[in-house]
Amino acid sequence: MRISDKAAARLKELGAAVRPGVSMSEQTSLGIGGTTDEILLARYDTIPQVMRLLADEHIPHRFLGGGTNVLIADGELPWVMLHLPAARPGWRIEGHAAYVDASADLGGMVTFCAKHDLGGMEGLIGVPGSVGGALRMNAGAYGTQIGPHVKEVELYRAATGEIETLRGSDIRFDYRHTSFAPDDVMLRVKLELPSKPFKEILAGIKVCNEKRRASQPLNQKSAGCIFKNPPGGSAGRMIDELGLKGHRVGDAMVSDRHANFFVNAGHASCSDMLKLIDDVRGRVRAANGIELENEVIVWRN
Ligand SMILES: Cc1cc2nc3c(=O)[nH]c(=O)nc-3n(C[C@H](O)[C@H](O)[C@H](O)COP(=O)(O)OP(=O)(O)OC[C@H]3O[C@@H](n4cnc5c(N)ncnc54)[C@H](O)[C@@H]3O)c2cc1C
């Protein structure tokens, strides 16, 4: 989608920059996605004005964090992509509380807190992407999820058009699902973390990193797990038991290292990946009677 010169000029007045015709294959860990204009926001406090402008100009939009959990359609996309201010994201510690901007890198946040002897998030160390994406997804690994540590979230609420603060206890954090409205935009978080000596946190981080390196195709393009685990089961094990590691549609392939990671082994398109997802889901349904639900967020055009 192209932003008109008039809208681009108004965005500029609000400090936002427009980057025309960006391929989302360069913005996502899967290396898949069509082309659209991007809006790079400069300040959090101008977000309500930017959103009003987009509504007035009838410009549909999506928010992209690190692009590590999305599968984006091919071709010219019918919405623009918004990015939170990314330059020098803020983070500070006060006692047991960490205040972190949503555009910050999640792993960077874990190590920053560790350096202040605040732990509890070691499991999240290898989860790529931004703090905002982790809040939206309730990212988790190795028995840790971000949700239980959340005390407050400052967010733009599309329902009111205002920036508001929600208490952690008023937000539902479920398995890779949260009660935020689809068009809420996370801006900052306050986390409450337990004290732990830096050395102990570092040891936990090392264990998690080793587990990840031993089981995941970290040198290939992926979006992490494609499917959520069904209650009491493992999507990866079910796919593996069907002998589907290495199964492919074009360059979209079930990883031969971790069966719930689907990788872009060359020049896969979104359509290849969607066909592979449907094919594997159908085979698991036929063999196990279980309908696997996507963990990856799919943006079709
Ligand atoms: C190699 C690899 C390993 C992974 N391992 C794990 C794992 O162990 N556990 C796990 O949970 N995930 C894992 N993931 C998936 C992914 O890293 C997480 O879901 C991550 O939290 C997504 O963050 P992101 O910033 O990249 O979000 P994006 O992919 O950019 O976006 C995901 C969703 O969040 C929304 N979003 C992003 N930022 C904001 C914001 N500020 N406000 C509102 N909505 C926003 C987007 O609109 C979109 O709906 C893995 C991915 C890869 C590639």
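Before reading on, note that the structure itself is shown above.
Residues numbered from 1 in each chain as written. Predicted model: local features only at pLDDT ≥ 70, side-chain atom pairs only at ≥ 80, totals over all residues. Heavy atoms only, no water.

**Student:** An account of the pairing of strand S5 (residues 80-83) is requested, with residue identities and associated values reported.
**Tutor:** Side-chain alternation along S5 places Val80 and Leu82 on one buried face and Met81 and His83 on a second face that is also buried. Judged from the three bridges that link them, strand S2 (residues 35-40) and S5 form a sheet pairing that is parallel. Looking at S5, one finds that Ile39 is bridged to Leu82. Looking at chain direction, strand S3 (residues 61-63) and S5 are connected through three bridges and run parallel. Bridge pairing in S5 places His61 opposite Val80. (Buried < 20%, exposed > 50% of the residue type's maximum accessible area, 1.4 Å probe, protein only. Helix = DSSP H or I, 4+ residues; strand = E, 2+ residues; numbered from the N terminus. Pairing = 2+ DSSP bridges.)

**Student:** Tell me about the packing of aromatic side chains, and name the residues and values.
**Tutor:** Here the distance between the centres and the angle between the planes together describe a pair of aromatic rings. Scanning all chains against the criterion turns up four aromatic pairs. On the basis of an interplanar angle of 5 degrees and a centroid distance of 5.2 Å, the ring pair of Trp91 and Phe112 is categorised as stacked. Of this pair, Trp91 sits in strand S6 (residues 91-94) while Phe112 sits in helix H3 (residues 106-115); the two residues are 21 residues apart in sequence, bridging distant segments of the chain. A residue is classified by how much of its surface remains accessible, and Trp91, at 31% relative accessible area, is partly exposed. Of the residues examined, Phe112 reaches a relative accessible area of 18% and is grouped as buried. Summarising the aromatic geometry, the rings of Phe227 and Phe262 are spaced 5.8 Å apart at their centres and angled 85 degrees between planes, so their arrangement reads as edge-to-face. With Phe227 in the loop between helix H5 (198-215) and helix H6 (235-241) and Phe262 in strand S17 (residues 262-264), the pair connects residues that are 35 residues apart, well separated along the chain. The pair formed by Phe227 and Phe262 is uniform in burial state, with each residue classed as buried. (Phe/Tyr/Trp six-rings, centres within 6.5 Å; stacked < 30°, edge-to-face > 60°.)

**Student:** How would you explain the nonpolar core if you had to name every residue and give the values?
**Tutor:** Membership of the largest hydrophobic core comes to 55 residues, with the highest contact counts inside it found for Ile39, Met109, Ile146 and Leu191. Of the residues forming this core, the biggest block, six residues, is contributed by H3. In contact with Met109, not counting residues within four places along its chain, are Trp91, Val100, Met121, Val131, Ile146 and Leu191. (Core = buried A, V, L, I, M, F, W, Y, C linked by side-chain atoms within 4.5 Å. Contact = heavy atoms within 4.5 Å.)

**Student:** I'd love a proper account of the site of the ligand, names of residues and values included.
**Tutor:** In the neighbourhood of the ligand, 34 residues make up the surrounding shell, with Phe63, Gly65, Thr68, Ser130 and Gly140 lying closest. Here Gly66 contributes a backbone N or O atom positioned 2.7 Å from an oxygen atom of the ligand. In the environment of the ligand, an oxygen atom lies 3.4 Å from a nitrogen or oxygen atom belonging to the backbone of Ala134. Protein contacts shield 93% of the accessible area of the ligand, which totals 970 Å² for the unbound molecule. Residue assignment for the shell around the ligand shows that the elements contributing at least two residues are helix H4 (131-137), strand S8 (140-141) and strand S14 (185-192). Taken together, the residues of the shell around the ligand sort by class into 16 nonpolar, 14 polar and four charged. (Near = heavy atom within 4 Å. Polar contact = N/O pair within 3.5 Å; in protein donor to acceptor, adjacent residues only side chain to side chain. Areas by Shrake-Rupley, 256 points an atom, 1.4 Å probe, with all protein chains shown as cover. Nonpolar A, V, L, I, M, F, W, Y, C, P; charged D, E, K, R; others polar.)

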